[in-house]
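Residue-level structural notes
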Amino acid sequence: MQLGESYVGDGPEAAHVNTVLGDREGPVGQAWATALATPSTGHAPFVVVLQPGLPVVPFTLFVNKARIEDDGHGRLTWGAAQAGVAAGVTDAVAAGTIDEGAAGELALIAAVWVNPDARDAELIFSNNREATAGALALGRAGLPTAGDVLEQRDEVWNPYFRPPG
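The present account deals with the structure reproduced in this document. These numbers come from a predicted model, not from an experiment.

This next bit is on helix α3 (residues 121–141). Taking 1.5 Å per residue, 21 residues should reach 30 Å; α3 reaches 30 Å between its end C-alpha atoms and fits that length. Taken residue by residue, α3 has I124, N127, N128, A131, T132, A135, L136 and G139 as its buried positions. Taken around the axis of α3, the buried residues stretch over an arc of 160 degrees, which confines them to a single face. Exposed and oriented more than 90 degrees from the buried face of α3 are E122 and E130. Each element contacted by the buried residues of α3 is listed here: β1 (2–8), β2 (15–23), α2 (71–95) and β7 (106–113).

Where β1 lies against β2, seven bridges are found, and the strand directions are antiparallel. In the strand pairing of β2, Q2 is matched with L21. In this antiparallel pair of consecutive strands, β1 and β2, the connection spans six residues, and G9 shows a positive phi of 95 degrees.

This brings us to the side chain of T97. When you line up the elements, T97 lands in the loop between α2 and β7. We classify T97 as buried; its relative accessible area is 17%. Beyond its immediate stretch of four places on either side in the chain, T97 contacts A92, L136, A137 and R140.

Moving on to the environment of W78. Mapping W78 onto the fold places it in helix α2. On the basis of relative accessibility, which here comes to 43%, the residue W78 falls in the partly exposed class. C-alpha separation for the pair W78 and E130, spaced 52 residues apart in sequence, amounts to 17 Å.

Let us look at unusual backbone geometry. The general pattern is negative phi for most residues beyond glycine and trans for most peptide bonds. The omega angle of the peptide bond from V57 to P58 is 10 degrees, so this bond is cis rather than trans. You can see P58 is positioned in the loop between β5 (54–55) and β6 (59–64). At the junction of L143 and P144, the peptide bond is cis and its omega measures out at 0 degrees in the coordinates.

Conventions we followed
- Residues numbered from 1 in each chain as written.
- Predicted model: local features only at pLDDT ≥ 70, side-chain atom pairs only at ≥ 80, totals over all residues.
- Heavy atoms only, no water.
- Helix = DSSP H or I, 4+ residues; strand = E, 2+ residues; numbered from the N terminus.
- Expected span 1.5 Å × (residues − 1).
- Buried < 20%, exposed > 50% of the residue type's maximum accessible area, 1.4 Å probe, protein only.
- Arc of directions from axis to C-beta.
- Contact = heavy atoms within 4.5 Å.
- Pairing = 2+ DSSP bridges.

This is a description of form; function is not addressed.
Set out below in structure tokens:
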């Protein structure tokens, strides 16, 4: 199983993508099927498509981390963000980050944040494309290491909070 995380951009159009990649016959495949079969209000996981009727390979489940707030937010999530994830997955296969020969045996879960305040579809697309490919590359490389994290332990912050000091 490969776990990845990437954050690209800033402001409401920033992309935050978490990935879980593994064998369809293993725990990732089971989690994939369970998530698809158990939507909740505002969160409806769906299969990522490159275009209607053409799912990406490896089969990818898009899980929205932000509850869909309104029609505009839904269109950006299901449209631009999904297209960005689709492009990022296919970029990862084209680059060899995901082995093309094994891609059909894998399942990918992409947990994706689309800010309800976002408005720029093209920026959402490009940020999610880069974040998806980046998360997959980091997952394949096994990064970050525990040592990488320990080196930064006194520099805790994120786009929504920075401790004083």
